[in-house]
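As a plain string of letters, each chain reads:
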Amino acid sequence: AVSYYMILSEKTLSDENAKMVFTVPDTGVTYTEEIPVSKAVKHDDYYVFTCKVAAKEMTSAISAKLITSESELQLDDYTVQNYAKDILANPETYAKEQELVKKMLNYGAQAQLYFNYNTDKLANNTEYMTEQEKTVELYGFAGAPYILEGTEAGVTYYGTALSLETELMFKHYFIIDESVDAQSLEITCDYPVTLKKNGNFYELTISDIPAHKMGENSLKVALGGITLDYTIYSYGALAQNSGKEALWTVVSALAHFAGEATMYAYK
């Protein structure tokens, strides 16, 4: 995501029609996100508006404008890559951030390649990275399976998908017998979770996962009497064994980014 910090006048703050409008190009279309000024997050003297960006959209130009009842303020287009370049161009000021940002850009580039999106403008196509730094080493995920424990009558674990949208999400799929009231099953997790019917399965989604937590057992979730311990490395083992090198590569890039984020978070 990209956050915009704005200083707003009292007139704008009291305008019930005032809003920030973000437009981001997506595959073949554009999508727009509107955030009322009343929903902005206050941070010191600033009001913060956050635009969600998928991993593949790090070079997509974000158009932002503040609209009030009387006027419009159009901001310069901006990309995640722009922000990254500002950091990479100042290695003395941002010494601790250098490797983290490079791993982030590699992740973005591999997401672009995997989804065949905007591949003529790869995120890591910058003079601040060497060709060696742009190369993603395939991660050896072997020996990193998930752990499934316990039982729950009428409930069976089926499999997991990883979402690479604006936030990292695990989607665990369960087969739940019709005799079971799925919504009455107790769910325990350290992160926000939802359980909903999706075709023949029930989809249990864990969302709002920070990059530096992707490999930790805090992602463990319990559905009734079943406990599932599943990390990015568990999904990586699945990708590695799938025979799809593009999938293995993008998950490797994410794992390297997550590892660097962990080291950065605890420095």
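Refer to the structure printed above.
Values in this document were obtained by computation on a predicted structure and should not be read as measured data.

Here is what the cut-offs are and how they apply
- Residues numbered from 1 in each chain as written.
- Predicted model: local features only at pLDDT ≥ 70, side-chain atom pairs only at ≥ 80, totals over all residues.
- Heavy atoms only, no water.
- Helix = DSSP H or I, 4+ residues; strand = E, 2+ residues; numbered from the N terminus.
- Expected span 1.5 Å × (residues − 1).
- Buried < 20%, exposed > 50% of the residue type's maximum accessible area, 1.4 Å probe, protein only.
- Core = buried A, V, L, I, M, F, W, Y, C linked by side-chain atoms within 4.5 Å.
- Contact = heavy atoms within 4.5 Å.
- Phe/Tyr/Trp six-rings, centres within 6.5 Å; stacked < 30°, edge-to-face > 60°.

Caption draft 1: View of helix α3 (residues 98–115). For α3, with 18 residues, the first-to-last C-alpha span of 26 Å sits near the 26 Å given by 1.5 Å per residue. Most of α3 is tucked away, with 13 of its 18 residues classed as buried.

Caption draft 2: Main features of the nonpolar core. Ranked by internal contacts, the top residues of the largest apolar core, which has 75 residues, are Phe22, Phe49, Leu105, Tyr107, Met214 and Leu254. Per-element accounting of this core gives the leading share, ten residues, to helix α6 (residues 245–265). Leaving out residues up to four positions away in the same chain, Leu254 has contacts with Tyr107, Leu162, Leu164, Leu168, Met214 and Ile232.

Caption draft 3: Molecular detail of the packing of aromatic side chains. By the definition in use, this model includes 13 aromatic pairs. For the pair Tyr114 and Phe115, a centre-to-centre distance of 5.1 Å together with 85° between the ring planes defines the contact as edge-to-face. Residue Tyr114 is classed as partly exposed on the basis of its relative accessible area of 35%. Given a relative accessible area of 37%, Phe115 falls into the partly exposed group. Here the aromatic cluster, defined as three or more aromatic residues joined through ring pairs, consists of Tyr146, Tyr157, Phe170, Phe174 and Tyr230.

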